[in-house]
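Here are the chains, one letter per residue:
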Amino acid sequence: METYTSEMTEKVEELDNLTWQGIQSLLDHYAIVEDGDHIIIAYTPDCRNAAAWVALACEERGFQTRMLFMMPLRDKGFHDRLQTEINLSKKIAKRIMLFMFENETMSHNVVVKKIFASFDSNAYKVIRGINTGKNLFKYGLSEHPDDLSALNATILERCKTATQLRIKTENGTDLKVQLNNSKFKYMSNRGVGRPGKFIVIPSGEVATFPETINGTLVADFAINVNMILREDVRLEYNPVTVEIKNGKMVSYSCQDEKICAFLDKCFSIENTDFVGELGFGTNRGVLFAVRENSHLNERVPGVHLGFGQHNQTPEAAGYDCDIHIDLCAIGGKIWFDDQTEPLDLSQVPYSTIPHSELVNCQDVFSDDAEDDCCGLLRD
Ligand SMILES: [Fe+2]
């Protein structure tokens, strides 16, 4: 019999209590698993541990669970492998629950949509995890989607009746924003499923496109970018300061040479100087910035600007770009039009009005995006 060596055990991450709790939250509050669900877990090589933990939790509850390997971005055989699993499952399942766990990508959207196109929208549910791993489970899923919905609803209600915003943070962010709510749509990522739509985790964000934006952003929390970035993305000790004029970055600075070099590379790409996203994180489970390039960091309660890729149609935004550079600040306050009382982003009250069903519940990297959602296939 084979025995475990220290070399082998180093590759096996320990499953701790907080991670396990996050997985239970995933099943109870996000997937809302029910008797009769048949669960398929598709995962990329870098998410093997995460997939195994979720499978363990599913099997412990008595669910039939199938594992499906996939390669990120390009995997010619994935369609047929998934189709085979779906065909097997649909004969016995009341509902198919498909989890897709990836780390740096969100792949095969078109394949999944095509396969489920003939399904009743209540006969399946797809939950896509990006940056899947311990931190996602521990911190990204500790908030209930109902609470994220109520926080997002408050921000949406305030923004959608406003024209001018003034946004300030303690560390020097000072932005003047003009909204155009009849032209630009809002995104609200809150972990709540809608028939036929994917749930993207981590959740907790409201975003739109600013008609005009001017001022200074001091990003003192983290960078999140849809490019491969292996550096430490935390900005607490090395904030990035960006000057913005008429919706475009005109200058940026940071004391960290590596971060500057990376931003130089990013901002040399065409149209990355446009502010493509005005985002507000609402996930109170994100207590500190994680070291790795992760969507968790832009879910922190606070303000972030996404440069380059936007969340609108190219016609509405007036340009196109497949690189998205989020620069995130923690906390901050928003003043709406001439109201004297600001909304404190670290203490947003829960709305008592249900979240609008008309707002897209997606990310910039949505289930409506093409396979090349992450810009990683660009030459
Ligand atoms: Fe965002």
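Right above here is the structure, for reference.
Just so it is clear, the structure is predicted and the values come from calculations on it, not from any experiment. (Residues numbered from 1 in each chain as written. Predicted model: local features only at pLDDT ≥ 70, side-chain atom pairs only at ≥ 80, totals over all residues. Heavy atoms only, no water.)

## Observations concerning the nonpolar core
This is how it is decided: Here, nonpolar core means buried Ala, Val, Leu, Ile, Met, Phe, Trp, Tyr and Cys residues that are tied together by side-chain atoms lying within 4.5 Å of each other. Residue burial is assigned from relative accessible area. The probe radius is 1.4 Å, only protein chains are included, and a residue is buried under 20% of its type maximum, exposed over 50%, and partly exposed in between. Each helix is a run of DSSP H or I of at least 4 residues and each strand a run of E of at least 2, with the numbering of both proceeding from the N terminus.
Core analysis: the biggest nonpolar cluster contains 62 residues, and Leu-165, Phe-280, Phe-307, Ile-325 and Leu-327 have the highest contact counts within it. Counting residues per element, this core draws most heavily on helix H8 (residues 257-267), at six residues. Formed by 29 residues, the second largest nonpolar core is a distinct cluster that contains Val-33, Val-54, Ala-55 and Phe-101.

## As for the coordination of the iron ion
This is how the line gets drawn: Distances define the donors: N, O and S atoms within 2.8 Å of the metal qualify, as do those within 3.2 Å of Na, K or Ca. Water is excluded, so some sites may look unfinished.
Glu-205 (OE), Glu-277 (OE), Glu-298 (OE) and His-304 (NE2) make up the full set of protein donors to the iron ion, lying at 1.9 to 2.3 Å. Coordination of the iron ion draws on donor residues from a single chain, spaced E-x71-E-x20-E-x5-H in sequence. As far as burial versus exposure is concerned, Glu-298 and His-304 are alike and both buried.

## With respect to the packing of helix H4 (residues 78-92) against helix H5 (residues 109-116)
Filter applied, for reference: Interaxial angle, 0 to 180 degrees, is taken between N-to-C directions of lines fitted to C-alpha atoms, where a helix line uses only the stretch in contact. In this scheme, a crossing is called left-handed if the near helix is turned counterclockwise away from the far one by less than a right angle; it is called right-handed if the turn is clockwise. Contact definition: two residues touch when any of their heavy atoms are within 4.5 Å. Residues are grouped as follows: Ala, Val, Leu, Ile, Met, Phe, Trp, Tyr, Cys and Pro are nonpolar; Asp, Glu, Lys and Arg are charged; all remaining types, including Gly, are polar.
At their nearest, the axes of H4 and H5 sit 10 Å apart, and the two run at 35° to each other. Once H4 is placed against H5, the crossing between them reads as right-handed. Of the residues in H5, those touching H4 at Phe-78, His-79, Leu-82, Gln-83 and Ile-86 are Val-111, Val-112, Lys-114, Ile-115 and Phe-116. Its residues assigned to classes, the contact of H4 with H5 shows seven nonpolar, two polar and one charged.

## A look at the pattern of salt bridges
In plain terms, the rule: Salt bridges are defined as contacts in which a side-chain nitrogen from Lys or Arg sits within 4 Å of a carboxyl oxygen from Asp or Glu.
Enumeration according to the criterion identifies 14 salt bridges in this entry. Lys-138 is the salt-bridge partner of Asp-16, the closest N and O atoms lying 3.8 Å from each other. Of this pair, Asp-16 sits in the loop between helix H1 (6-10) and helix H2 (17-31) while Lys-138 sits in helix H6 (residues 134-140); the two residues are 122 residues apart in sequence, bridging distant segments of the chain. Like Asp-16, the residue Lys-138 is buried in the burial classification. Glu-298 is paired through a salt bridge with Arg-299; the nearest N and O atoms lie 3.9 Å apart. Like Arg-299, Glu-298 is buried. What emerges from the salt-bridge pattern is a single network uniting Asp-16, Lys-134 and Lys-138.

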